[in-house]
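Structural characterization, general
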Amino acid sequence: MCSVCLQMPCHPRCPNAPEPVEVYNCSNCGEGILDGDEYVEIDGKYICMDCLDNMTTKELLETCGYEVETAEVDCGW
Ligand SMILES: [Zn+2]
Ligand SMILES: [Zn+2]
């Protein structure tokens, strides 16, 4: 058992923990998506949760490929 975090295997934040493995790279911020991190795959792009948390609903929808439109009354001609 580790003498710093008293866990086996080490807690991820323990200084004795091994370097986390980058599984993917976030295509929005470029940060590594580490083993155990949550992410979303959209259109073959990997987005980390930090980016998703910082997005507005509109940005999120646009990232997913939805177009946010403005409703307008069709006044006809
Ligand atoms: Zn440890
Ligand atoms: Zn990101």
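In this report, we go over the structure that sits alongside the text. Note that the structure is predicted; figures quoted are calculated from it, not measured. (Residues numbered from 1 in each chain as written. Chains lettered and ligands numbered in written order. Predicted model: local features only at pLDDT ≥ 70, side-chain atom pairs only at ≥ 80, totals over all residues. Heavy atoms only, no water.)

1. Side note on the overall build of the protein
Regarding its fold elements, the protein presents 2 helices and 4 strands. Start at the N end of the protein and walk to the C end: the helices and strands fall as β-β-β-β-α-α. Against the globule reference of 11 Å for 77 residues, the protein gives a C-alpha radius of gyration of 20 Å, more extended than a compact globule. Summarising its shape, the C-alpha atoms of the protein cover approximately 80 × 20 × 15 Å along the three principal directions. Out of the 77 residues in the protein, the part that is buried amounts to 17%. Looking at the protein alone, contacts between residues at least 24 apart form 3% of all its contacts between residues at least 6 apart. Taken as a whole, the protein presents about 6,600 Å² of accessible surface, with 49% of it coming from carbon and sulfur. (Helix = DSSP H or I, 4+ residues; strand = E, 2+ residues; numbered from the N terminus. Rg over C-alpha atoms; globule rule 2.2 N^0.38 Å. Buried < 20%, exposed > 50% of the residue type's maximum accessible area, 1.4 Å probe, protein only. Contact = heavy atoms within 4.5 Å. Areas by Shrake-Rupley, 256 points an atom, 1.4 Å probe, with all protein chains shown as cover.)

2. Some remarks on the coordination of the zinc ion (ligand 1)
The zinc ion (ligand 1) binds to the protein through Cys-2 (SG), Cys-5 (SG), Cys-10 (SG) and Cys-14 (SG), with metal-donor distances spanning 2.2 to 2.3 Å. Considering all 4 donor atoms around the zinc ion (ligand 1), angles at the metal cover 100 to 115 degrees and the coordination shape is tetrahedral. (Donors = N, O, S within 2.8 Å, 3.2 Å for Na, K, Ca; no water. Tetrahedral: all angles 85-135°; square planar, octahedral: opposite > 155°, others 65-115°.)

3. Some thoughts on the coordination of the zinc ion (ligand 2)
Ligation of the zinc ion (ligand 2) by protein atoms is provided by Cys-26 (SG), Cys-29 (SG), Cys-48 (SG) and Cys-51 (SG), these donors lying 2.2 to 2.3 Å from the ion. Coordination geometry of the zinc ion (ligand 2): the 4 donor atoms subtend angles of 105 to 113 degrees at the metal centre, consistent with an arrangement described as tetrahedral. Binding-site remark: the zinc ion (ligand 2) is held by donors from one chain whose sequence spacing is C-x2-C-x18-C-x2-C.

4. Some thoughts on unusual backbone geometry
Of note, the bond from Met-8 into Pro-9 is cis; its omega dihedral lies within 30 degrees of zero at 0 degrees. Although it is not a glycine, Leu-6 sits at a positive phi angle of roughly 60 degrees. Within the element layout of this structure, Leu-6 appears in the segment before strand S1 (22–25). Its identity as a non-glycine residue notwithstanding, Asp-43 has a phi of 55 degrees, on the positive side. Among the structural elements, Asp-43 can be located in the loop between strand S3 (39–42) and strand S4 (45–48). Asp-43 sits in the exposed class, given a relative accessible area of 72%.

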